[in-house]
Amino acid sequence: MKKVILIVLAAGLSLGVGPAFATTQAEDIAALKAYFAERWPNIKDEDMVNGAYSLSEDKRINWESMRDFPPYEDHLAIGEEIWNTPFKNGNTWASCFGDDPSTIRNRFPHWNARDKKVETLEGNIIQCQKANGEEPFKAKKGKIAYFSAWLASQANGQTINVVVPQDDPDAVAAYEAGRQFFYAKRGQLNLSCADCHVYQSGLYARGNLLSPARGHTTHFPVWRGKWARSGGDGFGTLHRRYGGCNSQVRAKSFKAHGEEYSNLEYFHASMSNGLTIEAPDYRE
Amino acid sequence: MKLKGKLPVMMLVVMAAVSGISMPLASANEELIAKGKEISFDRKKGNCLTCHQIAGGTLMGNIGPPLIAMKARFPDKAKLRADIWDMTKRNPHTMMPPFGKYGVLTDSEIDAVTEFVHSL
């Protein structure tokens, strides 16, 4: 077993999946795809959107039966209502995002060259509210998730293509910071995102089948059984998940839509380039 | 709850003392093993079951090797303890948390876990 793991790690490094090489976004994505294709020759790249459920027949059957009656339909309806409700000042969401809701989700995350920062959809939703004198949504769950999920659902089927302008060193640096975040060991338990979602994905941590990072961001916000059981309604944003995955290794979690997680999203969403948006979705 | 669990053990100790039977060394060890097992299975402590199959455990992961035949794999108990203390020494890329080095477990907790794992 130990040998196997060492070989897997070695393979990962030799394919350039890891922080040791200065590589471009395109090279990173190609290396990641090649890495998973070699690990699971029978799993099609487009199936990676289904996360852990593409890796286990048992889990998949369970999940499919959950999806037959999606628990989040009512929340999507609230999301749509939010889109249709003007601000108190008379402006609408279209003043920030344009008036075709199907074109919004897939513009994020993106590099804002003027302010030199990564913008995320949820971060911009909050920014739009502030700019219009509205009380902003809470950052990680509740209305922001319903709204973001509805916007994502309007973009279903579109191909993810996060762009990192290679001629802008600040954009490349933000991407690189996200990459470092993803591959760095952190927390008292000394684990990186990559440990669980690249090198050991497909294995079980307790009863959890670890999903591959490719396909992670295609279906967010997600409705999670675990979140529903912990007293909420189940919906959460990507940055909520980041916070959970950080604190389970007893690492510091960061502010939703702050610089660290936005940079992480820039890199992490890039890892799904070429896959399609299929949101929202159910996760256990 | 805790007290309840301990009472029978205490009674045994008292009975043993009263009846003049000296406690064999092995039972002190057994207590350490039991404590080590508790720490290993506790999600807030060792949580070893996240990654290892261990006899008596449930919902076990398979990231690390099953912990069986440990005496054969680790004739030297100190080496076993050193791995639990800090596996990154042997493998800097390891998934296994450095339980001692990062203070996830205390020295005495690691002693107990080592004793338990060595008994497997």
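Please read all numbers here as calculations on a predicted model, not as lab measurements.

(A) Spatial organisation of helix H11 (residues 238-247) of chain A. Considered for burial, the residues of H11 of chain A that qualify are Leu238, His239, Arg240, Tyr242, Gly243 and Asn246 of chain A. Turning to H11 of chain A, the residues buried within the fold contact helix H8 (169-183), helix H10 (225-229), strand E6 (235-236) and helix H12 (259-270) of chain A.

(B) Seen up close, the confidence of the model for chain B. Confidence in the prediction for chain B averages 84 pLDDT; 78% of positions are at 70 or higher. We note a pTM of 0.88 for the whole complex and an ipTM of 0.86 for its interfaces.

(C) How the structure looks around the state of the cysteines. Residues and elements named next belong to chain A. Summed over all chains, the structure comprises one disulfide over all chains. At a sulfur-sulfur separation of 2.0 Å, the disulfide partner of Cys96 is Cys128. With the S-S bond torsion at 85°, the cross-link from Cys96 to Cys128 turns out right-handed. In this pair, Cys96 sits in helix H5 (residues 94-97) while Cys128 sits in helix H6 (residues 121-131), placing the two residues 32 residues apart along the sequence. Note on Cys96: relative accessible area 35%, which makes it partly exposed. By relative accessible area, Cys128 is classed as buried at 3%. The cysteine Cys196 is free of any disulfide, with Cys245 supplying the nearest cysteine sulfur at 7.5 Å.

Conventions adopted
- Residues numbered from 1 in each chain as written.
- Chains lettered and ligands numbered in written order.
- Predicted model: local features only at pLDDT ≥ 70, side-chain atom pairs only at ≥ 80, totals over all residues.
- Heavy atoms only, no water.
- Buried < 20%, exposed > 50% of the residue type's maximum accessible area, 1.4 Å probe, protein only.
- Helix = DSSP H or I, 4+ residues; strand = E, 2+ residues; numbered from the N terminus.
- Contact = heavy atoms within 4.5 Å.
- pLDDT = per-residue confidence, 0-100.
- Disulfide = S-S within 2.5 Å.

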